[in-house]
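Residues per chain, in single letters:
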Amino acid sequence: MQEVKKPSKKPMIFYYILALLILLLLNATLFPSVLRKQVQDVSYDVFMSMSYDKQIDQVQIEGDIITFTDLDGGIYTTNATDDPDRTQRLYECGATFTEIDTQPGLLTSILVGWVLPLLPFLLIGFFLNKKLQKTMGSGDGMMFGMGGGSGAKAYIPSSAGIRFADVAGEDEAKELLHEIVDFLHDPEKYREIGAKLPKGALLVGPPGTGKTLLAKAVAGEANVPFFSIAGSEFVEMFVGRGAAKVRDLFKQANEKAPCIVFIDEIDTIGKKRDGQVGGNDEREQTLNQLLTEMDGFDGSKGVVVLAATNRPDSLDPALLRPGRFDRRIPVELPDLQGRVDILKVHAKNIKLADDVDFTPIAKMAAGASGAELANIVNEAALRAVRDGRKFATQEDLQESVEVVIAGYQKKTRVLSDQEKKIVACHEIGHALVAALQSHSAPVQKITIIPRTSGALGYTLQVDDGEHFLMSKQEILDKICTYTGGRAAEELVYHCVTTGASNDIEQATKLARSMVSRFGMTDEFGMVAFETVSNQYLGGDATLSCSPETQTRLDEKVIEIVESQRQKAMRLLKENEDTLYRLSQYLYEHETITGAEFMQILSQTAEK
Ligand code: ADP
Ligand code: MG
Ligand code: ZN
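Now for a look at the structure at hand.

Procedures and definitions
- Residues numbered from 1 in each chain as written.
- Chains lettered and ligands numbered in written order.
- Predicted model: local features only at pLDDT ≥ 70, side-chain atom pairs only at ≥ 80, totals over all residues.
- Heavy atoms only, no water.
- Donors = N, O, S within 2.8 Å, 3.2 Å for Na, K, Ca; no water.
- Helix = DSSP H or I, 4+ residues; strand = E, 2+ residues; numbered from the N terminus.
- Buried < 20%, exposed > 50% of the residue type's maximum accessible area, 1.4 Å probe, protein only.
- Near = heavy atom within 4 Å.
- Polar contact = N/O pair within 3.5 Å; in protein donor to acceptor, adjacent residues only side chain to side chain.
- Areas by Shrake-Rupley, 256 points an atom, 1.4 Å probe, with all protein chains shown as cover.
- Nonpolar A, V, L, I, M, F, W, Y, C, P; charged D, E, K, R; others polar.
- Pairing = 2+ DSSP bridges.
- Contact = heavy atoms within 4.5 Å.
- Axes fitted to C-alpha atoms, helices over the stretch in contact; angles between N-to-C directions.
- Core = buried A, V, L, I, M, F, W, Y, C linked by side-chain atoms within 4.5 Å.

Geometrically, a metal with four donors at the corners of a regular tetrahedron has ideal angles of 109.5 degrees, and one with six donors at the corners of a regular octahedron has ideal angles of 90 or 180 degrees. In the first shell of the zinc ion (ligand 3), the protein supplies His426 (NE2), His430 (NE2) and Asp503 (OD), at 2.0 Å from the metal. Donor residues for the zinc ion (ligand 3), ordered by position in the chain, follow H-x3-H-x72-D. In this pair, histidine 430 is assigned in helix α17 (residues 417–438) and aspartate 503 in helix α19 (residues 501–516), connecting sequence segments 73 residues apart. The exposure classification of histidine 430 matches that of aspartate 503, with both residues buried.

In structure tokens form, the structure reads like this:
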């Protein structure tokens, strides 16, 4: 995809017209006399003496004017006077009677009169054009922007463009977008049935899932002009400026129809208009203008508006109503197959060992977005270079998953011996509780090498399948696993540390959700006390219940977590031996794989 800023062509056209006029003027006045061959006006006696001296080569007599040349080719004219011997004398001196051309040849006159003077004009024009593009491109060329342009980037398709094939997974989104591309190519097919193209489509999903990428792919597939602009570019300091930009954008689009307009991060201008005192006038005007424009243009002409956002719930409802963005295209986090595909797409760009298997990598990277997966592949390549290898291996990929999840290994942070023992015990606590509950390898790897994210150790869990639902029991087991770390510390070292803060947070969140959102307790039944806003960005929950209920909710949450902690404690106590051995092993080796873990577990169980 080649990105081309389109400055207004008007100033350049004026320039060229002006240049042409100047040339015309020069050709009418100055050039003919300059271009005329040098002709000397001499008196008749000069002519006479030259004819006597046999200095004349050619001669032309035309009425009263005699034009003649000397032997060196110089041209002269003189006024004829009465001179009867003239013809005889000229004949004797060997002059030829012929027509003498004082005008330059046609080719020379075109070359000298038009082409040569045009060159400097073209050169100046070229630089002027370049400069114009620069000032227009930066958008600061005009301070108060009379005209200024919408600032939209126009794309022209090129062979290097992004195609649908470059977007892995996201099949539903691609299908929906494909229809739009298809319409733009063959509107007749749809018109015959009477089907109308959706005027706008809104891509919604968490960050990094490929929304912008999909829009670019649409531009690459559809052979129509593609205007791309970020929502933030409409945000201006001066009231009315953003609205003017919107107007300009749609004007351009209407001229170029069929075409696609893409507004990235539309939530910056599309936020709900609320009745706040001193609300943002500028933004509201911009939004109103956008609403008007989207109503105003004729969808059958083939202008399609695409927009992307990760905050659909904050958008103004007027923007979402049918007739504006009437198609909503979810772009979700990729599933296992999607992750494998995305890894493959990005792996094409790097050199890989032949035996790389993407499936375990994709399993490890559960919940990763497309952008994170792209990053993982790149990290693997970087790691290979660091180690002086020519290609990346399976291990590189595995390590880079951990880097993306937990940060780099911290070489400098040295834990004291005692701290290291406690961390090992804590991590094994988690893993052991999980293993005892599920009776299978709960982890792929446990390590106590500190990471830059601040984790002193961590347990890498890998789910075999894809989970879309969680049962109540699974959630309880999970809470139990979270509490296992702290429980192990208490059991072995009889002290509590700050290391469990993240576990506590996670366990509490789960327990609270059970009560207030999932309706998983008998006391509260199926009542939602919390609503999640902003589902794609962290998912903050807002509580809406009476203070009394809130108190009871809190009590229930404490009860759930505490009962799970006791369960974890019990499980660990029953297997204290295993806990010691595993912790010791981890302390010595710093890293333990799932297989080693299970082996030691079964060994101790046999005894
Ligand atoms: P956002 O949804 O936040 O707009 P982007 O489209 O900017 O995300 O994606 C960022 C990067 O992540 C892309 O440039 C691409 O390299 C990678 N990526 C995301 N999703 C995919 C996907 N489905 N297939 C291939 N690459 C992807
Ligand atoms: Mg984006
Ligand atoms: Zn922990």
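The environment of ligand 1 is made up of 16 residues, and the closest members are Ala168, Gly208, Lys211, Thr212 and His346. A distance of 2.8 Å is found between an oxygen atom of ligand 1 and a side-chain nitrogen or oxygen belonging to lysine 211. Here an oxygen atom of ligand 1 and a side-chain polar atom of threonine 212 are 2.6 Å apart. Calculation on ligand 1 without its partners gives an accessible area of 560 Å², and the protein chains cover 79% of this total. Listing elements by their share of the shell around ligand 1, those giving two or more residues are α8 (211–221), α13 (336–347) and α15 (370–386). Taken together, the residues of the shell around ligand 1 break down into seven nonpolar, six polar and three charged.

With that out of the way, let us pick up the sheet that holds strand β2 (residues 39–41). With respect to topology, five strands assemble into an open sheet ordered β2-β5-β4-β3-β6, the strand pairing being mixed. What marks the edges here is a single partner per strand, and that holds for β2 and β6 (96–97). On the sheet, helix α3 (residues 44–52) packs against β3 (56–62), β4 (65–70) and β5 (75–79) and is oriented at approximately 45 degrees with respect to β4.

The topology assignment puts threonine 286 in helix α11 (residues 281–296). Setting aside chain neighbours within four positions, we find threonine 286 in contact with Phe234, Gly242, Ala243, Val246 and Ile269.

Tracing the backbone shows valine 305 in strand β11 (residues 303–309). For valine 305, a relative accessible area of 0% corresponds to the buried category. Considering only alpha carbons, one finds valine 305 and phenylalanine 250, 55 residues apart in sequence, at a separation of 9.8 Å.

The next thing to look at is the pairing of strand β8 (residues 200–204). Where burial is concerned, most of β8 is hidden: five out of the five residues are buried. The alternating pattern of β8 places Gly200, Leu202 and Val204 on one face and Ala201 and Leu203 on the opposite face, and all of these are buried. In the sheet, β8 pairs with β11 via five bridges, with the strands oriented parallel. Residue pairing for β11: glycine 200 is matched across the bridge by valine 305. Note: β8 against strand β12 (residues 325–330), five bridges, orientation parallel. Looking at the pairing, glycine 200 lines up with phenylalanine 325 of β12.

Along the chain, threonine 77 falls in strand β5. A polar contact is formed between the side chain of threonine 77 and the side chain of aspartate 41, at a distance of 3.0 Å. With residues up to four places along the chain from it excluded, the contact list for threonine 77 reads Val39, Gln40, Asp41, Val42, Ile65, Ile66, Thr67 and Phe68.

To continue, consider the pairing of strand β15 (residues 530–533). Looking at chain direction, β15 and strand β16 (residues 540–543) are connected through four bridges and run antiparallel. When the sheet's bridge partners are listed, serine 533 is paired in β16 with aspartate 540. Connecting β15 to the next strand, β16, in antiparallel fashion are six residues, including asparagine 534 with a positive phi near 60 degrees.

Let us look at the nonpolar core. Core analysis: the largest hydrophobic core is formed by 30 residues, its most contacted members being Leu432, Ile446, Leu572, Leu579 and Phe597. Of all the secondary structure elements, the ones that give two or more residues to this core are α17, α18 (472–493), α20 (547–574), α21 (576–589) and α22 (594–606). Here the element with the most residues in this core is α17; it accounts for nine residues. Those residues within four positions of leucine 579 in sequence are excluded, and the remaining contacts are Cys425, Ile428, Gly429, Leu432, Ala488, Leu491, Val492 and Leu572. Grouped together as the second largest cluster of nonpolar side chains are 28 residues, Leu343, Phe358, Ile361 and Leu397 included.

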